[in-house]
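Per-entry structural report
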Amino acid sequence: TSSRAWWKQWYQRRVRGDWKELTDEDRIRLYRAYFPVTFAEMKYPPSYGFQVMGKVLLIISLAFPLLWLVKRFVLNPAPYQMHPDYMRMIDDRMDALHNYPVYGPQMKYYDEGNLKPREEGGY
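Residues numbered from 1 in each chain as written. Predicted model: local features only at pLDDT ≥ 70, side-chain atom pairs only at ≥ 80, totals over all residues. Heavy atoms only, no water.

**Focus: the overall build of the protein chain**
- Along the backbone of the protein chain there are 5 helices and 2 strands.
- Start at the N end of the protein chain and walk to the C end: the helices and strands fall as α-α-α-α-α-β-β.
- Burial statistics for the protein chain: of 123 residues in total, 6% are counted as buried.
- Within the protein chain, counting contacts between residues at least 6 apart in sequence, those at least 24 apart form 9% of the total.
- About 11600 Å² of surface is accessible on the protein chain, with carbon and sulfur atoms providing 62% of the total. (Helix = DSSP H or I, 4+ residues; strand = E, 2+ residues; numbered from the N terminus. Buried < 20%, exposed > 50% of the residue type's maximum accessible area, 1.4 Å probe, protein only. Contact = heavy atoms within 4.5 Å. Areas by Shrake-Rupley, 256 points an atom, 1.4 Å probe, with all protein chains shown as cover.)

Here you go:
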């Protein structure tokens, strides 16, 4: 703060002269010597963004236990079709029947995704 007081005195001596001789930088320094905080810094201090980010992260971190509690005690359990054992059984059954969801028996009519031309005498 002592250097700030020295600069303030030095600029006060400069200001007593002609103001047209002051450069833009001198005017800014003089303004900063008298008013160290701008209006924008008064309204939103430099750490304001970090405060907002910290509050957002706090809310997100508090939401996870709440979501876990809702899933555990409020929501209905998943249907049996979603159980991994059931899904494996369905996959095995479709393999045994050669009936795959995308490329099943109908794939003999297609060649790399394009419909094959109809042969004489049918397929």
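**Here we look at the packing of aromatic side chains**
- Scanning the model with the defined rule gives 2 aromatic pairs in all.
- Residues W68 and F73 carry aromatic rings whose centres are separated by 6.3 Å and whose planes lie at 85° to one another, so their mutual orientation is edge-to-face.
- With 5.3 Å between their ring centres and 85° between their planes, Y80 and Y86 make a pair best called edge-to-face.
- Residue Y80 is classed as exposed on the basis of its relative accessible area, which comes to 56%.
- Classification of Y86 as partly exposed rests on a relative accessible area of 27%.
- If you follow R72 out to its NZ or CZ, it ends over the ring of F73, 6.0 Å from the centre. (Phe/Tyr/Trp six-rings, centres within 6.5 Å; stacked < 30°, edge-to-face > 60°. Lys NZ or Arg CZ within 6 Å of the ring centre and 35° of its normal.)

**Observations regarding the side chain of D26**
- Within the fold, D26 resides in helix 2 (residues 24-34).
- Assessed through its relative accessible area of 8%, D26 is described here as buried.
- Not counting the four nearest positions on each side in its chain, D26 is found in contact with Y11 and R14.

**Section: a nonpolar patch on the surface**
- Where nonpolar side chains cluster on the molecular surface, the patch consists of Y44, Y48, F50, V52, M53, V56, L57, I60, F64 and L67 and spans about 1000 Å² of accessible area.
- Overall, the relative accessible area of 47% leaves M53 in the partly exposed class. (Patch = residues over 30% accessible without salt bridge, like charges linked within 9 Å, V, L, I, M, F, W, Y side chains within 5 Å. Salt bridge = Lys/Arg side-chain N within 4 Å of Asp/Glu carboxyl O.)

**Remarks on the pattern of salt bridges**
- The full count for this structure, using the stated rule, is 1 salt bridge.
- In this structure, D85 and R88 form a salt bridge, with 2.5 Å as the shortest nitrogen-oxygen distance. Highlighted residues: D85 and R88, both in helix 5 (residues 84-97), separated by 3 residues, approximately one helical turn.
- The exposure class of D85 is partly exposed, given its relative accessible area of 45%.

In short, shape yes, function no, at least from these values alone.
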